[in-house]
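One letter stands for each residue in the lines below.
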Amino acid sequence: MENKLKICLISFDNWSYDKEIIKALSKKNIIATHINIGAFKHKNTYERISNTFSKIVLNTNPKVKKRQDFIINTLKSIGKQDQILVLNPDLIESECHLEIKNHTSRYIAYLYDSVARSINPIEHLLHNFFDDIYSFDNFDVEKYGFKKITNYNYLELENTIFSKKQFKIMTIASFDKRFPLLNEIANQVTELGFEFQFICISKNISYKLLKYRLNCFKNKQKSNINSKIQFQSTKIPLHQLKKYYDNTEIILDLVQGNQTGLSFRVFEAMALQKKLITDNKAIRNYPFYNPNNILILDSKEIILNSDFFKTKYEPLTKEIYNEFTIANWITQLFNL
């Protein structure tokens, strides 16, 4: 009997993208296991209250230790793995990384966020624990010597009939420092006479909106929030995302901070054959870049070219599209 390859993925999977990696591995007849740290919950209300007390009063977080115990106990139950992949490893402590490494022949990491945006210091642990480190960020690849790989396209290529949609442009984004830029784009789209759907999401959205307005008042600026922007506190599940995109011709992608890697918005637009507007200047260095399909903004001076809104999407060649699929991604990352 042929021995099947065993691969384990460890991640938080806050947006449900990571489960697509497991699906893709399983299609290749690989025994794939996902340890979803984000799914770990307190057993009861007492544990939750006790954990909150420890964080506030004792400045410790018992949940972190329990999550890492959850990882190790799961690895013990599934046996040694041929490869283990950790996504954004800064959320796992050094001692736990050492223990995880004992359960695999190849321990690798993928950073789908820039090092500058890591929650915890990351530089000290990376090359001490991992056999290979992959990153989607060009700057980090050059600075730290990581291996370059982009995010992946988890959607099937849509055989789109190019027709008029309900909205000319749409995006779903967290309410954060990018909001003033998003608001300016909304105002310009309105001036051009196009319909849009911009959805801003945050758990405490009312508080953040109030804080934003107060800061504008303090700095003697008009908040001028476009009335058509939608605000909500609940996330939109990944499986519902396509329904929103089906109603638009163009997808808007605004990067976080100095990020140079490609977000999932880029690949979703590619699969659904939608045009893209982005402020990620690095996108022009990729083989799928086509100025007819992708409008690059200068975030310091937003100017929307109205002609871009009038032309149709020009389909990519199959060779270029296949280069960025999840099937090709796992082949590269896991040396399959």
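Note that the structure is a prediction, hence the values are computed from the model and not measured.

A.B. asks: Sorry if this is basic, but what is going on with the overall build of the protein chain here?
C.D. replies: Counting its secondary structure elements, the protein chain contains 12 helices and 12 strands. For the protein chain, long-range pairs separated by at least 24 residues make up 69% of all intrachain contacts whose partners lie at least 6 apart in sequence. Summed over all atoms, the accessible surface of the protein chain reaches about 18,000 Å², with 51% contributed by carbon and sulfur.

A.B. asks: Explanation requested: the confidence of the model for the protein chain in the structure shown.
C.D. replies: Do not read the predicted coordinates in detail wherever pLDDT is low. Taken over all residues, the pLDDT of the protein chain has a mean of 87, while the share at 70 or more is 88%. Here residues 49-58 is a poorly scored stretch, pLDDT under 50, and it has 11 contacts once near neighbours within four places are set aside; other chains count.

A.B. asks: Explain the nonpolar core here, please?
C.D. replies: Most often, soluble globular proteins keep nonpolar side chains buried together rather than apart. Of all hydrophobic cores here, the largest spans 48 residues; its most connected members are Ile-21, Leu-85, Phe-288, Trp-329 and Phe-334. Here this core takes 6 residues from helix H10 (residues 264-271), the largest share from any one element. Dropping the residues within four chain positions of it, Phe-288 is found in contact with Leu-262, Val-266, Met-270, Ile-283, Ile-294, Leu-316, Ile-320 and Phe-324. In this structure, Ile-169, Phe-179, Ala-186 and Val-189 belong to the second largest nonpolar core, which totals 28 residues.

A.B. asks: Sorry if this is basic, but what is going on with the pairing of strand E5 (residues 132-135) here?
C.D. replies: Side-chain positions along a regular strand alternate between the two faces of the sheet. The side-chain alternation of E5 yields two buried faces, one formed by Asp-132 and Tyr-134 and the other by Ile-133 and Ser-135. In terms of strand pairing, strand E4 (residues 104-111) meets E5 through 4 bridges, oriented parallel. Residue Tyr-110 lies in a different strand from E5, and its bridge partner there is Tyr-134. Strand direction decides the pairing type here: E5 and strand E6 (residues 147-148), joined by 2 bridges, are parallel. When the sheet's bridge partners are listed, Tyr-134 is paired in E6 with Lys-147. Crossover E5 to E6 through helix H6 (residues 138-144) is right-handed.

A.B. asks: What is the right way to read the sheet that holds strand E8 (residues 196-201) from this model?
C.D. replies: As a general point, the strands of a sheet are linked pairwise by backbone hydrogen bonds and lie either parallel or antiparallel. Pairing is parallel across the open sheet formed by 6 strands, whose spatial order is E9-E8-E7-E10-E11-E12. Since the sheet does not close on itself, it has two edges, and those belong to strand E9 (230-232) and strand E12 (294-296), each with one partner. Looking at each pair of strands side by side, their axes are set apart by 20° on average, direction ignored. In this structure, strand E10 (residues 248-253) lies alongside strand E11 (residues 275-278), joined through 4 bridges in parallel fashion. Note on E11: the bridge partner recorded for Ile-250 is Lys-275. Sitting on the sheet, helix H7 (residues 179-192) is in contact with strand E7 (167-174), E8, E9 and E10, with an inclination near 165° to E8.

A.B. asks: Please clarify how the sheet that holds strand E3 (residues 81-87) should be interpreted in this entry.
C.D. replies: Pairing in this open sheet of 6 strands is parallel, and the strands run E2-E1-E3-E4-E5-E6 from one edge to the other. The strands lining the two open edges of the sheet, one partner per strand, are strand E2 (31-36) and E6. As paired elements, strand E1 (residues 6-11) and E3 share 4 bridges and run parallel to each other. Considered in E3, the bridge of Ile-10 is made with Val-86. Each of E1, E2 and E3 is contacted by helix H1 (residues 19-27), which is oriented at about 170° to E2, the strand it contacts most.

A.B. asks: So what exactly am I meant to see when it comes to the packing of aromatic side chains here?
C.D. replies: Where two aromatic rings form a pair, the distance of their centres and the angle of their planes describe that pair. For the structure on display, the rule yields 20 aromatic pairs. Each ring, one from Phe-179 and one from Tyr-212, has its centre 5.1 Å from the other, and the planes form 90°; the classification is edge-to-face. Of the two residues, Phe-179 sits in helix H7 while Tyr-212 sits in helix H8 (residues 205-218), which places them 33 residues apart along the sequence. When sorted by exposure, Phe-179 lands in the same class as Tyr-212, which is buried. On the basis of an interplanar angle of 55° and a centroid distance of 5.8 Å, the ring pair of Phe-179 and Phe-231 is categorised as tilted. Placement of Phe-179 in helix H7 and of Phe-231 in strand E9 is noted, with a sequence separation of 52 residues between them. Judged by its relative accessible area of 27%, Phe-231 falls in the partly exposed class. A network of ring pairs unites the aromatic residues Tyr-17, Tyr-110, Tyr-112, Tyr-152, Tyr-154, Phe-264 and Trp-329 as a single cluster. The ring centre of Phe-308 lies 4.0 Å from the NZ or CZ of Lys-275, which sits over that ring.

About the cut-offs
- Residues numbered from 1 in each chain as written.
- Predicted model: local features only at pLDDT ≥ 70, side-chain atom pairs only at ≥ 80, totals over all residues.
- Heavy atoms only, no water.
- Helix = DSSP H or I, 4+ residues; strand = E, 2+ residues; numbered from the N terminus.
- Contact = heavy atoms within 4.5 Å.
- Areas by Shrake-Rupley, 256 points an atom, 1.4 Å probe, with all protein chains shown as cover.
- pLDDT = per-residue confidence, 0-100.
- Core = buried A, V, L, I, M, F, W, Y, C linked by side-chain atoms within 4.5 Å.
- Buried < 20%, exposed > 50% of the residue type's maximum accessible area, 1.4 Å probe, protein only.
- Pairing = 2+ DSSP bridges.
- Right-handed = clockwise from strand over helix to strand, strands pointing away.
- Axes fitted to C-alpha atoms, helices over the stretch in contact; angles between N-to-C directions.
- Phe/Tyr/Trp six-rings, centres within 6.5 Å; stacked < 30°, edge-to-face > 60°.
- Lys NZ or Arg CZ within 6 Å of the ring centre and 35° of its normal.

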